[in-house]
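# Survey of secondary and tertiary structure
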Amino acid sequence: MGPVTSGVLQLLALVGALALLYVPLGDHMARVYSADRHLRVERWIYRAVGADPDAEMRWPAYLRGVLALSAVGVLLLYALQRAQGALPGSSGRGSVPAPGAFNTAVSFVSNTNWQAYYGEQTMGHVVQTAGLAVQNFVSAAVGMAVAVALVRGFARSSTGTLGNFWADLVRGVVRVLLPLAAVAALVLAACGVVQNFAGVHEVGQFTGGSQQWNGGAVASQEAVKLLGTNGGGYFNANSAHPFENPTPFSNLFEVFLILLVPVALTRTFGVLVGSVRQGYAVLGAMAVLWCAFTALMMWTEFAHHGPAPQAAGGAMEGKELRFGIGGSSLFAVSTTLTSTGAVDSAHSSLTGLGGGLALLGMMLGEVAPGGVGSGLYAMLVMAVLAVFLAGLMVGRTPEYLGKRIGPREIKLAALFLLVTPALVLTFTALSVALPTPPRSTLNPGAHGFTEVLYAFTSAANNNGSAFAGLNADTDWFHTTTGLAMLLGRFLPMVFVLALAGSLAGQRTVPATAGTLRTGQPLFAGLLVGAVVIVSGLTYFPALALGPLAEGLA
Amino acid sequence: MTTRTRKHEDPMPPTSPPPSSTTPPVPAPEPARTDDPPAGRPAPGVRVGAGLFAPAQLVRSLPRACRKLDPRVMVATPVMCVVWVGAVLTTGCAVAEPGDWFGWTVAGWLWLTVLFANLAEAVAEGRGKAQADTLRRAKTDSVARRLTGAGSGAGGGYGGVEERVPGAGLAVGDLVVCEAGDTVPGDGDVVEGVASVDESAITGESAPVVRESGGDRCAVTGGTRVLSDRIVVRITAKPGETFLDRMIGLVEGAARQRTPNEIALNILLASLTLVFLLACVTLPAFAAHAGTDLSLVVLVALLVCLIPTTIGALLSAIGIAGMDRLVQRNVLAVSGRAVEAAGDVSTLLLDKTGTITYGNRRAAAFTPVRGADQAELAAAAQLSSLADGTPEGRSVVALAEEAYGLPERRRDEVAGAQWVAFTARTRMSGVDVDGRKVRKGAVGSVAAWVEERGGTVPPDTDDVAGGVAGAGGTPLLVAVEDAAGARVLGVVQLKDVVKPGMRERFDELRRMGIRTVMITGDNPRTAAAVAADAGVDDFLAEATPEDKLALIRREQEGGRLVAMTGDGTNDAPALAQADVGVAMNTGTSAAKEAGNMVDLDSDPTKLIEIVAIGKQLLITRGALTTFSLANDVAKFFAIIPALFATVHPGLDRLNVMRLTSPDSAILSAVVFNALVIVVLVPLALRGVRYRPASADRMLRRNLAVYGLGGLVVPFVGIKAVDLLLSLLPGIG
């Protein structure tokens with residue numbers, strides 16, 4: 001079996017597995033988020049944090065919950081890292097310096113998991129499990145809660161309320177992420193991913209010298225790293241490390257975990273708004289983008305010119321032999337089209353155009369299918385925009401799911417879409433224009449520019465993957481990427497929740513033959529067009545100077 | 001729907017009303033005007049027509065366009081304001097480096113871009129201006145004959161001393177006298193008298209109309225002229241706020257406020273501008289990293305090409321032209337908001353009489369009772385109706401001649417006939433000739449007449465008459481008394497006749513997602529029959545003004561927007577409640593005040609056109625925005641290789657248009673960007689083609705034309721401009 005065939009078969013297996021779980025998981029989440037009853041363990045949590053899980057919240061209250069929880073999360077994680085030297089069970093690792101600790105705290109709370117440190121060398125078991133792993137669950141559940149709040153905004157009529165943040169958060173963790181992660185961790189452990197609290201093993205190498213191998217609760221963290229589209233690896237090599245991702249099967253399984261929840265959330269959306277077709281249309285747009293990116297990625301990686309790629313049957317530099325080009329391409333596309341940022345190959349070593357695809361995937365706003373929750377809400381905001389243009393073209397005040405898209409809705413959608421480009425372009429421009437930061441880049445010219453552009457694109461979109469080569473362990477990059485992650489995560493949430501509040505307050509307009517039907521392939525196509533044109537055009541000049549210049553050379 | 005038993009329309013056989021001594025000697029125009037489809041209006045299914053556009057208007061509007069270059073005016077349109085600033089900046093650059101032909105050319109074309117945008121707006125406004133001037137001519141400084149110390153006398157007459165005051169000096173509540181030849185000094189209601197009034201200054205309709213005190217025809221408009229008789233008018237509007245003043249303001253665009261959709265679109269355009277501004281502001285840093293410098297001129301050129309200038313330039317022209325299209329159809333909208341709401345309407349309330357059916361019932365069939373002969377019945381019906389000048393009577397004669405092949409007869413052909421006129425007491429009419437008495441009238445009256453004369457009414461008479469009534473018609477009994485005695489011949493079926501083409505229109509509306517509800521005073525049975533005949537979706541029978549209001553509220557609570565027409569004072573609450581309330585110009589001032597549109601032609605079917613115009617307005621905006629955004633793709637392919645191919649030669653592969661040189665590539669994009677505005681001005685003023693269709697079909701079509709067109713056209717256009725430019729010496 002040739003590598004191309006194997007790549008295509010892996011793709012088909014992946015799509016088949018996702019299709020199998022789409023309805024059950026999507027329906028399950030819809031039930032979870034609309035259930036009246038609380039589990040006993042949930043009641044304990046509510047009592048412990050003093051939250052009333054049955055109080056209906058208007059959007060400012062919902063937002064206050066999101067921001068308060070995240071602020072506390074950042075502070076706790078920062079404190080934990082700063083105190084690591086004094087904590088037991090840290091295997092002798094010292095405290096993390098302030099800029100790095102800030103960056104990492106923000107990174108994990110914002111579901112980015114940008115890692116400007118060597119995972120196995122910097123973080124001990126306590127920080128990894130009590131700090132990072134906890135945020136892997138919580139930050140993912142926050143994203144899902146905000147998405148569900150927006151969906152409720154569409155589904156509800158003439159109320160101003162969006163549900164209860166604490167209930168959504170706790171249910172997301174207890175009833176969705178924890179059970180899924182438990183199963184996934186078992187499967188991964190069965191594949192050979194390590195799960196222990198062992199210290200460092202000194203291992204001799206065949207070529208002489210020695211290597212340090214770390215143990216740790218890797219399988220459990222790996223599962224939620226992918227399920228929650230977090231991406232922060234236990235090891236610096238992330239999913240390229242054999243302890244995190246040992247076999248081609250585990251690789252495919254990890255890609256499956258990345259896509260599972262974001263994909264199934266479109267079903268949840270459809271069920272909650274009372275029309276699964278609407279969910280199919282959003283999923284369709286996501287699928288078209290994902291398939292196009294995967295096809296292009298495989299094409300550019302397989303067909304790259306040059307003696308080395310031709311000898312290896314494709315651009316194998318920076319890729320694990322056990323995954324091959326097919327598995328690596330699937331992973332690279334899935335991780336950048338979601339907000340995961342886990343990697344199983346060096347994105348810096350992708351071909352020029354391949355690196356551009358990874359970059360563009362994030363630049364599109366990570367909507368295909370996007371991060372858990374964040375992918376859905378970003379796509380729905382995009383849909384609001386697409387509906388506005390399309391709605392005008394059918395001669396009515398635009399409506400999406402029975403809600404009128406008026407000046408307020410457009411204002412909030414536009415602000416949402418402005419945040420990331422502003423962060424990415426401003427910080428990238430500063431970083432290449434100021435005298436010191438460019439010294440962090442490993443390569444000159446277009447590739448070096450891509451390293452910086454990639455870093456801020458990844459941070460502002462809460463992806464977390466890195467285009468290796470950039471030394472981000474400097475005060476400048478710690479601070480700027482930290483700000484980009486913070487603003488890139490929470491400013492859009494402000495606008496999404498405000499939008500949800502505005503929609504929930506509206507009366508639902510019944511659909512007529514004159515209403516734009518949004519549960520249709522035509523609309524899905526329009527949505528793809530809007531995503532590509534709006535985001536693509538913003539970044540076109542920057543892309544031209546980075547990956548395009550390199551790829552077309 | 002409602003089962004109220006109140007009788008709204010008297011079921012008695014319609015015949016001519018007793019002549020009234022107050023009827024003025026002018027043709028009664030209102031009912032007649034609504035009877036026939038107004039001439040010059042598109043037939044059902046035809047696209048909404050275009051406005052006029054002549055290239056000469058561009059030249060005429062040039063001075064206005066130049067005046068709009070004032071930065072205080074430009075600020076109102078963010079996109080064009082950015083272009084304006086860009087033009088100032090590039091001009092500054094060109095002045096600093098006078099030998100740089102490229103800088104001068106770019107600066108020149110940027111100024112042209114701004115000018116073209118202003119020109120589009122000026123042309124749109126100019127068309128309204130001409131109309132406003134005509135209206136102003138009507139608004140001469142009339143002298144009012146005010147009554148002071150006037151009061152309602154015992155006999156209802158108004159007395160008092162007359163004084164002459166300028167029309168501008170009138171206050172609300174003043175009483176003024178207008179006699180033949182006077183111009184009505186202000187809006188008001190006739191409180192005494194009846195007069196024929198020439199309203200051509202406002203409606204353009206030369207036939208005079210009747211205005212009389214009391215009832216629904218009491219409103220007079222300032223600026224119209226009294227042709228006969230004398231009326232006393234109570235002024236209802238302050239000078240400066242009259243209907244005429246409002247009209248002038250509207251057509252001039254002075255009172256133009258941005259509509260919600262326009263505001264939303266402006267926000268979207270402003271934020272897109274901001275995104276592209278960011279992309280351009282950060283570009284020099286990126287370029288410096290790549291080892292090349294970008295001049296300010298080039299950056300401004302790139303920015304102007306990327307921001308949505310096409311729609312930014314045409315947006316306000318589209319809005320003004322949309323209002324103008326209404327004005328051209330003799331509809332005045334109080335606000336642009338109302339026009340937009342018209343596009344969103346999902347329920348139309350239409351009055352049955354005059355809108356869906358002809359104002360009068362028509363004879364549809366003759367049904368003989370047992371023992372009678374069809375031909376005899378037809379002949380008797382014809383004979384009895386010869387002297388009946390009402391539309392119903394004429395329709396009986398016409399039916400007899402057309403459907404039953406009877407020879408044409410005229411009233412004076414019947415020698416020695418004694419015509420029996422209809423009276424409210426006898427409720428029948430007929431003729432006595434050659435010893436034969438023929439009677440036609442209400443079933444009960446004619447049956448009584450037959451029995452009175454010793455005849456018998458056949459038992460199936462009630463069945464036949466009941467069958468006609470059950471089908472929504474009105475039965476008229478025809479009886480004769482001759483040598484053979486008095487006997488019933490049969491029944492004439494009168495029924496409402498739905499205007500031709502209405503069913504197709506309703507089908508069309510249904511495809512557009514609009515539900516039609518017929519409003520009628522008829523009983524539910526009749527209403528149901530007419531509704532089925534016309535193909536409306538629903539009906540409200542025995543409707544009272546309260547029912548209408550309740551229906552509108554119910555629809556609105558379901559989230560639907562409602563449009564209706566009305567003319568009477570009792571329509572005012574419903575007109576005010578409806579999202580689109582079109583008052584007939586013949587209606588009362590209360591109705592006109594309550595609605596948000598006034599139809600000067602008083603044509604209730606125009607509501608359908610108003611909806612189409614509202615939709616067309618929105619479609620034009622959406623289509624041009626899509627076109628404008630799609631254009632950016634080609635501009636990127638023109639400009640980006642031109643900027644960076646020197647440092648990254650690989651990027652020249654993006655130069656898919658093979659443009660001659662970097663300078664000519666940038667210039668071509670700028671020139672195309674400016675010219676496309678001028679090319680699209682007629683489309684913006686006329687509105688894009690609109691045919692009623694489902695949302696899906698419309699979207700597919702508009703996406704194909706304006707989305708794909710917007711992608712492809714600039715590639716061709718920029719290449720063409722580049723070819724032309726390369727012919728100039730010194731380039732390429």
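Since the structure is predicted, the reported quantities are computational estimates derived from the model, not experimental observations. (Residues numbered from 1 in each chain as written. Chains lettered and ligands numbered in written order. Predicted model: local features only at pLDDT ≥ 70, side-chain atom pairs only at ≥ 80, totals over all residues. Heavy atoms only, no water.)

### Points about the overall build of chain B
Secondary structure assignment for chain B yields 24 helices and 22 strands. Relative to its 732 residues, chain B shows a buried fraction of 57%. Contacts in chain B between residues at least 24 apart in sequence constitute 71% of all its contacts with a sequence separation of at least 6. A total accessible area of about 28,400 Å² is found for chain B, and carbon and sulfur atoms account for 57% of it. (Helix = DSSP H or I, 4+ residues; strand = E, 2+ residues; numbered from the N terminus. Buried < 20%, exposed > 50% of the residue type's maximum accessible area, 1.4 Å probe, protein only. Contact = heavy atoms within 4.5 Å. Areas by Shrake-Rupley, 256 points an atom, 1.4 Å probe, with all protein chains shown as cover.)

### Examining the overall build of chain A
The secondary structure content of chain A amounts to 18 helices and four strands. For chain A, whose C-alpha radius of gyration is 22 Å, the value lies close to the compact-globule estimate of 24 Å for 553 residues. Overall, the C-alpha framework of chain A stretches about 75 × 55 × 50 Å when taken along its three principal axes. Of all 553 residues assigned to chain A, the portion counted as buried reaches 64%. At a minimum sequence separation of 6, the contacts of chain A that also span at least 24 residues come to 78%. Of the roughly 18,200 Å² of accessible surface on chain A, 67% is carried by carbon and sulfur atoms. Here chain A holds 27 positive side-chain charges and 23 negative ones, and the gap between their average locations is 15 Å. (Rg over C-alpha atoms; globule rule 2.2 N^0.38 Å. Lys, Arg positive; Asp, Glu negative; His and termini not counted. Charge placed at Lys NZ, Arg CZ, Asp CG, Glu CD.)

### Focus: the sheet that holds strand 5 (residues 194-198) of chain B
Residue and element names in this part refer to chain B. Taken in spatial order, the three strands of this open sheet run 6-5-8, and their pairing is antiparallel. Across the chains shown, the open sheet's two edge strands, defined by having one partner strand only, are strand 6 (209-212) and strand 8 (225-226). For strand 5 and strand 6, the ladder comprises four bridges, and the chain directions are antiparallel. Looking at the pairing, V197 lines up with V209 of strand 6. (Pairing = 2+ DSSP bridges.)

### Focus on the interface of chain A and chain B
If you look at the interface, chain A gives 54 residues, while chain B gives 61 residues. Of the roughly 5,000 Å² buried between chain A and chain B, counting both surfaces, carbon and sulfur atoms make up 76%. The largest per-residue losses of area from chain A upon contact with chain B belong to M393(A), L545(A) and L552(A), which jointly make up 14% of the total buried on that side. Across the chain A-chain B interface, the total number found is two salt bridges. R517(A) is paired through a salt bridge with D696(B); the nearest N and O atoms lie 2.1 Å apart. Taken together, the links from chain A to chain B amount to ten residue pairs in polar contact (both at pLDDT 80 or more). For the side of chain A that touches chain B, a count of residues per class yields 37 nonpolar, twelve polar and five charged. (Buried area = accessible area lost by both parts, 1.4 Å probe. Salt bridge = Lys/Arg side-chain N within 4 Å of Asp/Glu carboxyl O. Polar contact = N/O pair within 3.5 Å; in protein donor to acceptor, adjacent residues only side chain to side chain. Nonpolar A, V, L, I, M, F, W, Y, C, P; charged D, E, K, R; others polar.)

### Points about the side chain of S384(B)
Residue and element names in this part refer to chain B. Along the chain, S384 turns up in helix 13 (residues 374-385). Using a relative accessible area of 2% as the deciding quantity, one classes S384 as buried. For S384, the side chain forms a polar contact with the main-chain oxygen of A381, separated by 3.0 Å. Setting aside chain neighbours within four positions, we find S384 in contact with G430, V431, V438 and K440.

### A word on a positive patch on the surface
Residues and elements named next belong to chain A. Side chains of R37, R40, R43 and R47 sit close together on the surface and give a patch of like positive charge. By secondary structure assignment, the location of R37 is in the loop between helix 1 (3-34) and helix 2 (40-49). Of the residues examined, R37 reaches a relative accessible area of 70% and is grouped as exposed. (Patch = residues over 30% accessible without salt bridge, like charges linked within 9 Å, V, L, I, M, F, W, Y side chains within 5 Å.)

### Notes on the packing of helix 15 (residues 407-433) of chain A against helix 16 (residues 445-460) of chain A
All names here are of chain A. The interhelical angle for the contact between helix 15 and helix 16, taken along N-to-C directions, is 145 degrees, at an axis separation of 9 Å. The two elements helix 15 and helix 16 meet at a crossing, and its hand is right-handed. Of the residues in helix 16, those in contact with T420, L423, V424, F427, T428, S431 and V432 of helix 15 are F449, V452, L453, F456, T457 and A460. Split into classes, the residues belonging to the contact of helix 15 with helix 16 amount to nine nonpolar, four polar and no charged. (Axes fitted to C-alpha atoms, helices over the stretch in contact; angles between N-to-C directions. Left-handed = near helix turned anticlockwise from the far one by under 90°.)

### Section: the packing of aromatic side chains
All chains considered together, the criterion is met by 21 aromatic pairs over all chains. With a centroid separation of 6.3 Å and an interplanar angle of 15 degrees, the aromatic rings of F249(A) and F253(A) are classed as stacked. With a gap of four residues between them, F249(A) and F253(A) both fall in helix 9 (residues 248-272), about one helical turn apart. On the accessibility criterion, F253(A) (14% relative accessible area) is buried. Geometrically, the ring pair formed by F637(B) and F715(B) is tilted, given 6.1 Å between the ring centres and 45 degrees between the ring planes. Taken together, the positions of F637(B) in helix 22 (residues 606-644) and F715(B) in helix 24 (residues 695-727) put the pair 78 residues apart, joining distant regions of the chain. (Phe/Tyr/Trp six-rings, centres within 6.5 Å; stacked < 30°, edge-to-face > 60°.)

### Examining a nonpolar patch on the surface
All names here are of chain A. The grouping of L39, V41, W44, I45 and V49 at the surface amounts to a nonpolar patch, some 440 Å² of accessible area in total. With respect to the helices, strands and loops of the structure, V41 is situated in helix 2. Residue V41 is classed as partly exposed on the basis of its relative accessible area of 36%.

### Focus: the pairing of strand 16 (residues 474-482) of chain B
Residues and elements named next belong to chain B. Here strand 16 lies mainly inside the structure; eight of its nine residues are buried. Where strand 15 (residues 436-441) meets strand 16, five bridges bridge the pair, whose relative direction is antiparallel. Paired with K440 across the strands is V478, a residue of strand 16. Relative to strand 17 (residues 485-498), strand 16 runs antiparallel, the two sharing nine bridges.

### What to know about the sheet that holds strand 1 (residues 143-148) of chain B
All names here are of chain B. Taking strand neighbours across the sheet as the criterion, the six strands line up as 2-1-3-9-4-7 in an open arrangement whose pairing is antiparallel. Across the chains shown, the open sheet's two edge strands, defined by having one partner strand only, are strand 2 (161-166) and strand 7 (219-220). Summarising the sheet, strand 1 and strand 3 (residues 175-179) pair through three bridges and their orientation is antiparallel. Residue pairing across strands places R145 opposite V177, the latter belonging to strand 3.

### Notes on unusual backbone geometry
Residues and elements named next belong to chain A. Omega for the peptide link from A368 to P369 comes to 0 degrees, which places this bond in the cis form. For P369, the location among the structural elements is in the loop between helix 13 (352-363) and helix 14 (374-393). Although it is not a glycine, N113 sits at a positive phi angle of roughly 65 degrees. A positive phi angle, near 55 degrees, is found at N238, a position not held by glycine. Within the secondary structure, N238 is located in the loop between helix 8 (218-227) and helix 9.

### Focus on the side chain of N136(A)
All names here are of chain A. By secondary structure assignment, the location of N136 is in helix 6 (residues 125-155). According to the relative accessible area criterion, N136 is buried, its value standing at 0%. Residues within four places of N136 in sequence aside, it is in contact with F108, N113, Q221, V224, K225 and N230.

### As for helix 14 of chain A
Taking 1.5 Å of rise per residue, 20 residues should cover 28 Å, and helix 14 of chain A covers 29 Å from first to last C-alpha, within 8% of that figure. For helix 14 of chain A, a buried count of 20 out of 20 residues is recorded, marking the element as mostly surrounded by other parts of the structure. (Expected span 1.5 Å × (residues − 1).)

### Overview of the environment of T159(A)
All names here are of chain A. Along the chain, T159 turns up in the loop between helix 6 and helix 7 (165-191). For T159, a relative accessible area of 27% corresponds to the partly exposed category. It is 8.8 Å that separates the C-alpha atoms of T159 and R58, two residues lying 101 residues apart in sequence. Discounting residues that sit within four places of it in the chain, T159 has contacts with A504 and G505. A distance of 3.4 Å separates a polar side-chain atom of T159 from the backbone nitrogen of T161.

### Some words on the packing of helix 6 of chain A against helix 14 of chain A
Residues and elements named next belong to chain A. Two numbers describe how helix 6 lies on helix 14: the axes approach to 7 Å, and their chain directions differ by 35 degrees. On helix 14, the residues touching G143, V146, A147, L150, V151 and F154 of helix 6 are S374, L376, Y377, L380 and V384. Across the contact of helix 6 with helix 14, the residue classes tally to nine nonpolar, two polar and no charged.

### Comments concerning the nonpolar core
Of all hydrophobic cores here, the largest spans 316 residues; its most connected members are M379(A), Y400(A), F286(B) and M597(B). When residues in this core are grouped by element, the largest group, 21 residues, is from helix 22 of chain B. (Core = buried A, V, L, I, M, F, W, Y, C linked by side-chain atoms within 4.5 Å.)

### Some thoughts on the pairing of strand 18 (residues 515-519) of chain B
All names here are of chain B. Judged by how many residues are buried, strand 18 sits mostly within the fold: four of five residues are covered. Pairing of strand 11 (residues 347-351) with strand 18, which is carried by five bridges, proceeds in the parallel orientation. Paired with D351 across the two strands is I519, which belongs to strand 18. Two elements, strand 18 and strand 19 (residues 538-540), share three bridges in a ladder whose sense is parallel. Its bridge partner being in strand 19, M518 is matched across the sheet by F539. In this fold, strand 18 hands off to helix 18 (residues 524-534), which returns the chain to strand 19; that crossover is right-handed. (Right-handed = clockwise from strand over helix to strand, strands pointing away.)

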